[in-house]
Amino acid sequence: MSSTVDNISPANLEMIRSVLEDAGYDACLLLEDQRLFNTASLLVTKQFLAGVDSRSGLAARLEFQLGKAGKHRQLGTSSLSRYAIQGLPLELQSQGRENAG
C-alpha cells in the first residue's frame with residue numbers, strides 16, 4: 001500500500017487523517033483496537049482512490065460503513081450486565097454468602 005500512498009498528496013493524506021479523527025478513529029483507538037483503526041483507514045483510503053474526494057463524502061461513507069468509533073469503544077468494561085443475564089459465577093456467589101454471614 002505504500003506505493004498507493006505515494007500517489008496521494010500530503011494535503012489529501014491530511015484530509016483523510018482528519019476525516020478519520022473527526023469520526024473518532026484516532027491514535028487512542030489505534031492503541032485500543034488496531035484492527036478497527038486499520039479497517040477504517042483502509043476504507044477511507046479506498047474510497048478516496050475510487051473517486052470520493054470530498055471530506056463530507058468520505059465522512060458519509062465511513063459513517064455508513066462503520067459508524068462513529070465511539071460506538072465500538074467499551075470504556076470501563078464491567079461484567080455486571082453479563083451477570084444480570086447469566087447469574088453470578090459460583091466463586092462470586094460463595095463470596096457473597098461469606099460476606100453476608
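Preceding this section is the structure that the text describes.
Reading guide: rules and limits
- Residues numbered from 1 in each chain as written.
- Predicted model: local features only at pLDDT ≥ 70, side-chain atom pairs only at ≥ 80, totals over all residues.
- Heavy atoms only, no water.
- Helix = DSSP H or I, 4+ residues; strand = E, 2+ residues; numbered from the N terminus.
- Expected span 1.5 Å × (residues − 1).
- Buried < 20%, exposed > 50% of the residue type's maximum accessible area, 1.4 Å probe, protein only.
- Contact = heavy atoms within 4.5 Å.
- Salt bridge = Lys/Arg side-chain N within 4 Å of Asp/Glu carboxyl O.
- Axes fitted to C-alpha atoms, helices over the stretch in contact; angles between N-to-C directions.
- Parallel < 35°, antiparallel > 145°, perpendicular 65-115°, else oblique.
- Left-handed = near helix turned anticlockwise from the far one by under 90°.
- Nonpolar A, V, L, I, M, F, W, Y, C, P; charged D, E, K, R; others polar.

Asker: Honestly, helix α4 (residues 34-49) in this entry has me stumped. Any pointers?
Answerer: An α-helical turn contains 3.6 residues, so any two residues separated by three or four positions project in the same direction. In this model, α4 (16 residues) spans 22 Å end to end at C-alpha, consistent with the 22 Å of a helix rising 1.5 Å per residue. Within the span of α4, buried status applies to Leu36, Phe37, Ala40, Ser41, Leu43, Val44, Thr45, Gln47 and Phe48. At its buried positions, α4 is contacted by α2 (10-22), α3 (27-32) and α5 (55-65). Gly51 sits one or two positions beyond α4 and adopts a positive phi of about 115°.

Asker: When you look at the pattern of salt bridges in this model, what are you seeing that I'm missing?
Answerer: Where charged atoms of side chains with opposite charge meet at close range, the side chains can pair. One pass over the structure, following the stated rule, counts three salt bridges. Of the charged contacts in the structure, one is a salt bridge between Arg17 and Glu14, with a shortest N-O distance of 2.1 Å. You can see Arg17 and its partner Glu14 sitting in helix α2, three residues apart, about one turn around the helix. Given a relative accessible area of 35%, Arg17 falls into the partly exposed group. Note that Arg17 is salt-bridged to Glu21, the shortest N-O span being 2.7 Å. Remark: Glu21 and Arg17 occur in helix α2; sequence separation between them is four residues, near one turn of the helix. Relative accessible area serves as the criterion here: at 39%, Glu21 is assigned to the partly exposed category. Where salt bridges share partners, they join Glu14, Arg17 and Glu21 into one cluster.

Asker: Would you mind showing me how to read the packing of α2 against α4 here?
Answerer: The packing of two helices is summarised by the inter-axis angle and the distance between the axes. It is at 10 Å that the axes of α2 and α4 come closest, and there the two elements cross at 135°. One element, α2, and the other, α4, form an angle in the oblique class. For the element pair α2 and α4, the recorded crossing hand is right-handed. Each of Asn12, Met15, Ile16 and Leu20 in α2 lies in contact with α4, whose residues at this interface are Ala40, Ser41, Val44, Thr45 and Phe48. Residues belonging to the contact of α2 with α4 are distributed by class as follows: six nonpolar, three polar and no charged.

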